[in-house]
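Observations on the model geometry
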Amino acid sequence: MEFKITVLPGDGIGPEIMAEALKVLTAAGAKFGHKFRVKSCLIGGAAIDETGEPLPKETVDNCLRADAVLLGAVGGPKWENLPVKQRPEAGLLGIRSALGLYANLRPARLFAPLKAASPLKSELIQDGLDVLVVRELTGDVYFGRRFRSEDGNTAMDEMCYSVHEIERIARRAFECAKLRSGKVTSVDKANVLTTSRLWREVVTRVHDEEYPDVQLSHLYVDNAAMQLVVNPAQFDVILTSNLFGDILSDEASMITGSIGMLPSASLGAGPLGLYEPIHGSAPDIAGKGIANPLATILSVAMMLRHSLRLEDEARAVEDAVNAALESGLRTKDLGGGDRSVSCEEMGDAVMGHLTAKK
Ligand code: NAD
């Protein structure tokens, strides 16, 4: 099959990690008989330098025509003093909104060879850890009305959800669960918040009517935060709102060790999605060739799975990452020390394992 992929390398380590991710994508295409037609476009600081704006129209148009979008990272000290709306990060918010992306998927998977990097006790993670946080991305207090009294002594942020917004994110979580172990934990604060009571009601209805075969349970957010560090293995898919998801996905991801390992997907109504590592442009190590490309390579796996519906290909990429780690290779952030491999060496190793004949 043939697919159109728009890539947005961005700033800092963005171009370095993207080069390795594209190597792996091309190798996956050769192995499974697909052609990926890749078009590189400007975003963030790189776009500001070239065109004066963080998200040129040409970039948006290209993304809208693609089957999927792969992003590196944006931002850096060079653009930090610009007004908020002209900064590189505005490009990122702009592209998410232009593509109508309302679901953020953040897997927190502990690769067996990296168990020692987790801050949790080994007995808690002896059977591994593989949690997917499905976070609603366009509602909640982030998009409600805001108020600050004239005397400055009172402030308010409105928390708002509609049935439609909850239904579509719930469906996304149940669909994800069907590809995994078939279990969803919906997290809310229904003992206190009206929006959470609506959330629980709608999630339960969507489950009962459309996904009765998926196992659904509900947890209050305070308990969920606790359970994630006490008994993380009980979770498969965590479905939650924007604010709770923001906090819980960071907590879940840190359980797995380095920020350089964590991919993400942002999805909308159709198959088009935006895939990116959760880390930023890491200006402190940009240009040194030492960045960990695995979060971006794992974002490629998510893209193969969720936008292109190529599950075998996605698993092959994830297995190749595991094999590279199993062989003992470590970038600096993974504790490689004096024997750390470079960004390029790690990319080559994953590509080698992907294309190796079994
Ligand atoms: P950061 O994630 O860029 O870096 C935090 C720390 O993690 C740094 O020490 C960095 O060297 C390290 N790190 C990050 N990714 C790594 C990788 N792949 N391999 C090895 N080490 C890695 O966060 P920050 O320093 O707060 O932000 C830097 C810039 O990135 C800022 O301009 C910020 O606005 C931007 N940012 C962009 C995104 C995005 O594009 N999605 C997300 C977060 C931050």
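As a starting point, this report considers the structure included with it.

Criteria and cut-off values
Residues numbered from 1 in each chain as written. Predicted model: local features only at pLDDT ≥ 70, side-chain atom pairs only at ≥ 80, totals over all residues. Heavy atoms only, no water. Near = heavy atom within 4 Å. Polar contact = N/O pair within 3.5 Å; in protein donor to acceptor, adjacent residues only side chain to side chain. Core = buried A, V, L, I, M, F, W, Y, C linked by side-chain atoms within 4.5 Å. Buried < 20%, exposed > 50% of the residue type's maximum accessible area, 1.4 Å probe, protein only. Helix = DSSP H or I, 4+ residues; strand = E, 2+ residues; numbered from the N terminus. Contact = heavy atoms within 4.5 Å. Expected span 1.5 Å × (residues − 1). Arc of directions from axis to C-beta. Phe/Tyr/Trp six-rings, centres within 6.5 Å; stacked < 30°, edge-to-face > 60°. Lys NZ or Arg CZ within 6 Å of the ring centre and 35° of its normal. Pairing = 2+ DSSP bridges. Right-handed = clockwise from strand over helix to strand, strands pointing away. Axes fitted to C-alpha atoms, helices over the stretch in contact; angles between N-to-C directions. Parallel < 35°, antiparallel > 145°, perpendicular 65-115°, else oblique. Left-handed = near helix turned anticlockwise from the far one by under 90°. Nonpolar A, V, L, I, M, F, W, Y, C, P; charged D, E, K, R; others polar.

This next bit is on the site of the ligand. Surveying the vicinity of the ligand reveals 20 residues, the closest of which are Val74, Glu89, Gly280, Ala282 and Asp284. The contact in question runs from an oxygen atom of the ligand to an N or O atom on the backbone of Val74, over 2.9 Å. Here a nitrogen atom of the ligand sits 2.9 Å away from a polar atom, N or O, in the main chain of Asn292.

If you look at the biggest cluster of nonpolar residues, it comprises 65 residues, and the most contacted ones within it are Ile5, Leu105, Phe174, Met261, Leu294, Leu304 and Leu325. With eight residues, helix H9 (residues 294-306) is the largest single contributor of residues to this core. Residues within four places of Phe174 in sequence aside, it is in contact with Val184, Val203, Val206, His207, Tyr211, Val214 and Leu216. The next biggest cluster of nonpolar side chains, apart from the first, holds 18 residues, and it includes Ala108, Val131, Val221 and Ile238.

If you check helix H11 (residues 343-355), its first and last C-alpha atoms are 19 Å apart, about what 13 residues at 1.5 Å a residue would give, namely 18 Å. Along H11, the positions that sit buried rather than exposed are Cys343, Met346, Gly347, Ala349, Val350 and Leu354. Buried residues of H11 fall within an arc of 160° about the axis and therefore sit on the same side. In the core, the buried residues of H11 are packed alongside helix H1 (14-32), H9 and helix H10 (311-326).

Turning our attention to the packing of aromatic side chains. The tally for this structure, following the rule as stated, stands at three aromatic pairs. Stacked on the ring of Tyr102, the Lys or Arg Arg168 has its end atom at 4.1 Å from the ring centre.

With that out of the way, let us pick up the pairing of strand E8 (residues 183-188). Burial of E8 is extensive: five of the six residues sit out of reach of the surface. Across six bridges, E8 lies against strand E9 (residues 215-220) in parallel orientation. What sits directly across from Asp188, in E9, is Tyr220. Once you follow E8 into helix H6 (residues 194-210) and on to E9, the crossover reads as right-handed.

So, on to the sheet that holds strand E4 (residues 103-110). An order of E2-E1-E3-E12-E11-E4-E5-E10-E8-E9 is seen for the ten strands of this open sheet, with the pairing classed as mixed. Edge positions in the sheet fall to strand E2 (35-40) and E9, since each has one partner strand and no second. Each neighbouring strand pair of the sheet contributes to a mean axis angle of 25°, computed without reference to strand direction. Sheet contacts for helix H3 (residues 57-65): strand E1 (2-10), E2 and strand E3 (68-73); angle to E1, the most-contacted strand, approximately 145°. On top of the sheet, helix H7 (residues 221-230) reaches E8, E9 and strand E10 (237-240); it is set at about 105° to E9, its chief contact.

Let us look at the packing of helix H5 (residues 163-179) against H6. Running from N to C, H5 and H6 point in directions that differ by 50°, and their axes come no closer than 9 Å. Classified by the angle between their axes, H5 and H6 sit oblique to one another. Seen from above, H5 lies across H6 with right-handed handedness. Listed contacts from H6 to Val163, Ile166, Glu167, Ile169, Ala170, Arg171 and Phe174 of H5 are Leu198, Trp199, Val202, Val203, Arg205, Val206, His207 and Glu210. Classifying every residue of the contact of H5 with H6 gives ten nonpolar, one polar and four charged.

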